[in-house]
Amino acid sequence: MIFTPRIDFIHVVKKPLPIVLMIILLFTFGCVQVKAYQREVLAHPAMQEPTWPLLDRRDQHLFLVREASRGATGDTGGGCGCN
Amino acid sequence: MRLQLTIIAAMAWLAAPAQGQDANSNERNVEGGLRVYSDDDHVTVVTPSIGVSVPVAEAVVIDVGAVVDIISAASVDVITSASPGAVEERRIELGTGVTWNLSRTLTLASNGLFSHENDYDAFRLSAGGSLDVAQRNATIDLRYAFEYDIVGIRDDNSFSESRLGHELTGTFTQILDRKTYADFVVHGMILDGYHANPYRTVPVISADTPEVYGVSESTPEVRKSFALLLRVRRAFGASGHVFVNSYYRFYADDWDVKSHTLAARVIVPFANDRAMLGVHMRGYLQTAADFYQSEYIDDGGMGPVFRTRDRTLSGVRSLYGGLAGQVSWALASLGVARFYYQNFPAQRQRTALILSLGSKVSF
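Residues numbered from 1 in each chain as written. Chains lettered and ligands numbered in written order. Predicted model: local features only at pLDDT ≥ 70, side-chain atom pairs only at ≥ 80, totals over all residues. Heavy atoms only, no water.

**Section: the overall build of chain A**
Helix and strand content of chain A: three helices and zero strands. N-terminal to C-terminal, the α/β element order of chain A is α-α-α. Taken across its 83 residues, chain A has 55% of its residues classed as buried. Counting every atom, chain A has about 4,100 Å² of accessible surface; 70% of that belongs to carbon and sulfur. (Helix = DSSP H or I, 4+ residues; strand = E, 2+ residues; numbered from the N terminus. Buried < 20%, exposed > 50% of the residue type's maximum accessible area, 1.4 Å probe, protein only. Areas by Shrake-Rupley, 256 points an atom, 1.4 Å probe, with all protein chains shown as cover.)

**Thoughts on the sheet that holds strand β10 (residues 201-206) of chain B**
Residue and element names in this part refer to chain B. The strand order β11-β10-β16 describes an open sheet built from three strands, whose pairing is mixed. Among the strands making up the open sheet, the edge pair consists of β11 (212-216) and β16 (296-298). Going across the sheet, the axis of each strand differs from the next one's by a mean of 45°, ignoring polarity. As defined by bridge partners, β10 adjoins β11 across five bridges and the pair is classed as antiparallel. Looking at the pairing, Thr-201 lines up with Ser-216 of β11. (Pairing = 2+ DSSP bridges. Axes fitted to C-alpha atoms, helices over the stretch in contact; angles between N-to-C directions.)

**Thoughts on the environment of Ala-59 of chain B**
All names here are of chain B. Within the secondary structure, Ala-59 is located in the loop between β2 (43-57) and β3 (60-73). Put simply, Ala-59 and Ser-103 are 44 residues apart on the chain and 8.6 Å apart in space, counted from C-alpha to C-alpha. Among residues more than four places away in sequence, those in contact with Ala-59 are Thr-99, Trp-100 and Asn-101. (Contact = heavy atoms within 4.5 Å.)

**Looking at the side chain of Thr-107 of chain B**
Residue and element names in this part refer to chain B. Relative to the assigned elements, Thr-107 resides in strand β5 (residues 106-117). Of the residues examined, Thr-107 reaches a relative accessible area of 13% and is grouped as buried. A polar contact is formed between the side chain of Thr-107 and the side chain of Asn-101, at a distance of 3.0 Å. (Polar contact = N/O pair within 3.5 Å; in protein donor to acceptor, adjacent residues only side chain to side chain.)

**With respect to the packing of aromatic side chains**
All names here are of chain B. In the structure shown here, the tally under the stated rule is nine aromatic pairs over all chains. Note on Phe-123 and Tyr-148: the rings are 6.3 Å apart at their centroids and 25° apart in plane angle, and the pair reads as stacked. In this pair, Phe-123 is assigned in strand β6 (residues 120-133) and Tyr-148 in strand β7 (residues 138-153), connecting sequence segments 25 residues apart. According to the relative accessible area criterion, Tyr-148 is partly exposed, its value standing at 28%. (Phe/Tyr/Trp six-rings, centres within 6.5 Å; stacked < 30°, edge-to-face > 60°.)

**Structural notes on the pairing of strand β9 (residues 180-193) of chain B**
All names here are of chain B. In terms of burial, β9 is largely enclosed, as ten of its 14 residues are buried. In the sheet, strand β8 (residues 156-177) pairs with β9 via 14 bridges, with the strands oriented antiparallel. Within β9, the residue paired with Gly-165 across the bridge is Leu-191. From the end of β8 to the start of β9, which pair antiparallel, there are two residues. Sheet topology note: the β9/strand β12 (residues 222-236) ladder contains 13 bridges and is antiparallel. Residue pairing for β12: Val-186 is matched across the bridge by Leu-228.

**Digging into a nonpolar patch on the surface**
All names here are of chain B. Taken together, the side chains of Leu-34, Leu-334, Val-336, Leu-353, Leu-355 and Leu-357 define a hydrophobic patch exposed on the protein surface, amounting to about 500 Å² of accessible area. Elements that contribute at least two residues to the nonpolar patch include exactly β18 (330-342) and β19 (349-362). In terms of residues, the nonpolar patch owes the most to one element, β19, which gives three residues. Looking at where Leu-353 falls in the secondary structure, it is placed in strand β19. (Patch = residues over 30% accessible without salt bridge, like charges linked within 9 Å, V, L, I, M, F, W, Y side chains within 5 Å. Salt bridge = Lys/Arg side-chain N within 4 Å of Asp/Glu carboxyl O.)

**A short note on the environment of Arg-234 of chain B**
Along the polypeptide, Arg-234 of chain B turns up in strand β12. Note on Arg-234 of chain B: relative accessible area 29%, which makes it partly exposed. Through-space distance from the C-alpha of Arg-234 of chain B to that of Val-151 of chain B is 43 Å; in sequence the pair is 83 residues apart. Aside from chain neighbours lying at most four places away, what touches Arg-234 of chain B is Met-47 of chain A together with Asp-177, Lys-179, Thr-180, Val-242, Phe-243 and Val-244 of chain B. At 3.3 Å, the side chain of Arg-234 of chain B and the side chain of Asp-177 of chain B are in polar contact.

Structural data, given as structure tokens:
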């Protein structure tokens, strides 16, 4: 039996496109202007991303080598990680 | 009172660009950490790390860092490989980067990373920039990364395979109100080259006879993927006593792997913000690659063209829960991760314990 992968990348990409557009529109039209002096809470360390870079980078690498998904979470790859 | 408000406003303005990066480029930072990973598949990884960031000019910061993975493994993968036996090895990762604040709203950054194991080398180069717009209420960040991996076999210099990769990541961050950030991330990637593991063999069952024979892994050379992530960071309470950072990610590739990731971290500061306690939860659900099978049957004498024994390409579910705490410059976390591999008969579950210690000093 011969196994051939199904190459339907374009088909996959099309599906979430409406969701992407909706989110972009939500960001574009639904936001308010926050003045600099109103950003005390936004400046809190717990609001930063990543909050704890030292921990978070290594967590991402851990999941990177034990799952098949990659990207968008700040992972940088680098080595096979002894899977 | 007016002076205090002015000072607070100035500090907040400095400390809170829309994406929340550390804008105080005059500080030198030294961070170090130690992580211990141990699972019930007889894999233990001890990872010391160190990083330094130094301002070298008025608006230029250079980062250097090193990470070492000290690995000892006698996992299912290892003991069923062509050369069974426990493995002791090290992975050394060296990274450097430069960040250049061109103006109050425009930042450029470039990073390089090199990872070495005795049978695997990985190179990463990335460059990009972020631009604050809408009176610094939004940030657009665009980054490109090039990667090159060289795969070898220990004690066999004649074997060498490689893989090239291109990644593009776009991030849009928007301040929604005084207590809320929203991040939207789009990531696309193309990997071209060798994806298999040279140590693994795939058992193939002959349809005509009860014979089972092992063959090397073989996967398509090209893999294209994309991921979308939506993150919300929000403070709750009158003055932000509880902070929630949650995200959802959708991933898909042309090997028919699709996944959903949902994660949340709740952080409670105390002792006048000198300490923070966080609870982290993460759930992950993934479909299998379309050529992945728990067993392959050869009914025509040719065998399957694509075959793998990579458990990560089976259907995967995982759960993670952990606690993290920071007191001044000291940081610690303890987490438990449980992985479920569907259609991977050799080991359907794996439980891991992860302990991290770290510190960051600025001067």
